[in-house]
Amino acid sequence: MTLTEGIDYDIVVIGAGFAGMYAVHAFRSRGYRVHAYEAGSDVGGTWYWNRYPGARCDVESRSYSYSFDPELLQDWTWSGRYPSQPEILDYARHVADRYDLRRDITFDTRVRSAWFDDRTTTWTITADGGDQVRARYCVTAVGCLSATQVPRLPGLERFRGEVHHTGNWPHEGVGLAGRRVAVIGTGSSGIQAIPEIAKQAAHLTVFQRTPNFTLPARNRPMTPLEQEEVKAGYTESRARARRSPAGVDQPYPTISAKDVSEAERLRVFESKWAEGGTRFMASFRDIGTDLEANAFASEFVRAKIAEVVDDPAVAERLSPRDYPIGAKRICLDTDYLATFNRPNVELVDLRTDPIAAVTESGVRAGDRDIPLDVIVMATGYDAMTGALLRMDIRGRDGLPLGARWHDGPQTYLGLATAGFPNLFLITGPGSPSVLAMVIMAIEQHVDWIADCLDHLRDRGLDRIEATEQAEQDWGRHVNDVAATRLYRHANSWYVGANIPGKPRVILPYTGGFGTYSKRCDEVTRAGYAGFRLGPGDGPAEPGAQIGRPRHVGRQG
Ligand code: NA7
């Protein structure tokens, strides 16, 4: 199906991953005529596209699901501590079936542009191929990590083998058995894929630019008793999560790593390491805020690398030394380090042996030609802004979003941007997004937007825009808070450093999910302080009323 000219919606949602799915459900439940457009052939977003071997969520399954319906929580059972990509995609499909979401989603349709018309207070959304639809509000649900980044390696187009990005993995799978495979990139995706690919490939070459801190996931099946306990505790656990810094119900420590003896520090680190998962980062309260405290944790992990990896030279190459642990996104793994003890796995350090060229038959790195059949790009994403800026979004007076954000994204609460009335961003830059359990961040944003639309509808208004002042104040606050965290000490996608030429600014809000949600609630209570509300300069069409949808007819 494609977009068809001449139809109007109250709200168009761009994307049908977890954000778009819940947006369709929530807006529809409140009586809005909503429609979503999705590039993929089904729901699921990230989990639809990321089908690489080993793809798994790094949030525990007990925390990783929607909270909006207690019955939904009860009728889905996760099988393991961390949910795998196929299981999460099944969950997304289950949600789509249960709430009959697909009837309001057009699949296989990538949105190319969204233009605001000041005269009629409408958004015109255009799909690839040129079909258009108009809506009063436009809500982007495009994901924070969905615009894949493939480095421009010289000669890549000459390569006669296969090239696949982890975030765009062929649905039919990739034959790896008995083949010579390269993985470029050692972020979360590479670190998950490498152990699985190593088991299948004849030979695996890992090209590493920067070593990453990774913690053992210690994934395991959940027992029926655990599954029951999780379900019995959902209501309280999700309520605690909503108030927490990361949207996850877990202990948040109050003790400084600097206030305990070395023996006690090691005891705590060892126990968190044994527990597995990102809880290690919550060993002490100041791992993410104090360089000295952080250094204890960083050193502990480096010692573990030396313990696990047989060859001391390889262990050293795998050891991050020039940024604090957690300043780049922490990775979780299953047997990543031990994989480098396998005879069919080689680590190439791009800092000493950079890729000179891709040839027809492989990669030339340092002074060697490495023959290859498959190149896996685990090279990440143009995070948080890429998916928005790859569309042509224009606000008042035809102002392109790319021009407005030339020096970095500017938003109010990560939800809206001045100059773009009636545009809402779900988990936009300047909101906790990737630093929170993202499904909870999504629900909080969608609920906030839905309340806001109700507020406008109840007052006969149909236009809302963030003020530049509110945006500047929020931007300053985002930067002030980030200055108290350690993210600025690493070249990561959190600060846009992975994309050549991208402005270096902190992208997510680092002040914590609970604090942020409270702030959003205060804005609501203050009658949407920082926003300009009003009637549009003219009705979209005579008689058009938001909230009492006018069915113009959907075709195609
Ligand atoms: P990441 O975390 O951005 O990792 C990308 C990796 O690719 C990282 O090791 C990069 O090295 C490397 N990279 C990127 N460009 C190049 C070039 N040109 N040459 C060599 N190596 C390169 O992406 P992921 O997909 O692993 O994870 C994204 C998020 O998804 C993750 O954090 C989870 O939230 C889920 P670098 O470190 O930049 O030197």
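Being a predicted model, the structure only gives us computed values, none of them experimental.

*Asks:* Help me out: how do you make sense of the sheet that holds strand E13 (residues 355–358) in this one?
*Replies:* Note: strands within a sheet are paired through backbone hydrogen bonds, in either parallel or antiparallel orientation. Strand order in the open sheet formed by three strands is E13-E14-E15, and the pairing between neighbours is antiparallel. Strand pairing shows two members of the sheet lacking a second neighbour, E13 and strand E15 (368–371), which therefore form its edges. With direction set aside, neighbouring strand axes in the sheet form an average angle of 25°. One ladder, built from three bridges, connects E13 with strand E14 (residues 362–365); its direction is antiparallel. Bridge assignment links Val358 to a residue of E14, and that residue is Val363.

*Asks:* In this structure, what is going on with the site of the ligand? I would like to understand it.
*Replies:* In the vicinity of the ligand there are 19 residues, among which Ser189, Arg209, Thr210, Lys328 and Arg329 approach most closely. Within the contact set of the ligand, an oxygen atom lies 3.2 Å away from a backbone nitrogen or oxygen of Ala378. Residue Trp493 places a side-chain N or O atom 3.5 Å away from an oxygen atom belonging to the ligand. Bound to the protein, the ligand loses 86% of the 770 Å² it would expose on its own. Across the shell around the ligand, the residue classes break down as seven nonpolar, nine polar and three charged.

*Asks:* I'm lost on the packing of aromatic side chains in this one. Help?
*Replies:* Any pair of aromatic rings gets described here by the distance separating the centres and the angle formed by the planes. Inspection of every chain in the model, using the stated rule, returns 31 aromatic pairs. Pairing Tyr66 with Tyr91 gives two aromatic rings, centres 6.2 Å apart and planes at 35°, and the pair type is tilted. With Tyr66 in the loop between helix H2 (46–49) and helix H3 (70–75) and Tyr91 in helix H4 (residues 85–98), the pair connects residues that are 25 residues apart, well separated along the chain. Per residue, the accessibility class of Tyr66 equals that of Tyr91, and both read buried. Taking the centre distance of 5.3 Å and the plane angle of 40° together, the rings of Phe269 and Phe300 count as tilted. On the criterion of sequence distance, the pair formed by Phe269 in helix H7 (residues 262–275) and Phe300 in helix H8 (residues 291–308) is long-range, its members being 31 residues apart.

*Asks:* Would you explain the pattern of salt bridges in this entry?
*Replies:* Two side chains bearing opposite charge may form a pair once their charged atoms approach each other closely. With the rule as written, the count across this model stands at 44 salt bridges. As a salt-bridge pair, Asp382 and Lys502 come within 2.6 Å of each other at their nearest N and O atoms. With Asp382 in the loop between strand E16 (374–377) and helix H11 (386–389) and Lys502 in the loop between helix H14 (468–482) and helix H15 (513–525), this pair connects stretches of sequence that are 120 residues apart. Lys502 sits in the buried class, given a relative accessible area of 15%.

Cut-offs used in this document
Position labels on residues start from 1 in each chain and follow its written sequence. The predicted nature of this model means local features are confined to residues of pLDDT at least 70 and side-chain atom pairs, given and counted, to a pLDDT of 80 or more, with totals for whole chains, interfaces and linings taken over all residues. In computing side-chain values, all of the structure's heavy atoms are included and hydrogens and water are not. A pair of strands is considered paired only if DSSP assigns at least 2 bridges between the two. Here a helix means four or more residues in a row that DSSP labels H or I, a strand means two or more in a row labelled E, and each is numbered from the N terminus. Orientation is described by axes fitted as lines to C-alpha atoms, over the contacting stretch for helices, and by angles from 0 to 180 degrees between their N-to-C directions. We call a residue near a given molecule or strand whenever any one of its heavy atoms falls within 4 Å of it. Polar contact is defined as a pair of N or O atoms within 3.5 Å, subject to the rule that within protein one atom must be able to donate a hydrogen and the other to accept it, and that residues adjacent in sequence are counted only when both atoms are side-chain atoms. Calculation of accessible area relied on Shrake-Rupley with a 1.4 Å probe; when residues are assessed, cover is drawn exclusively from the protein chains displayed. Polarity classes work like this: nonpolar for Ala, Val, Leu, Ile, Met, Phe, Trp, Tyr, Cys and Pro, charged for Asp, Glu, Lys and Arg, and polar for all others, with Gly in that last group. A pair of Phe, Tyr and Trp rings is counted when the ring centres sit within 6.5 Å of each other, with Trp represented by its six-membered ring. The angle between the planes then sorts it: under 30 degrees is stacked, over 60 is edge-to-face, the rest tilted. Here the term buried applies to any residue with accessible area under 20% of the maximum for its type, exposed to any over 50%, and partly exposed to those in between, with areas from a 1.4 Å probe on protein chains only. Basic side-chain nitrogens of Lys or Arg form a salt bridge, by our definition, when they fall within 4 Å of a carboxyl oxygen of Asp or Glu.

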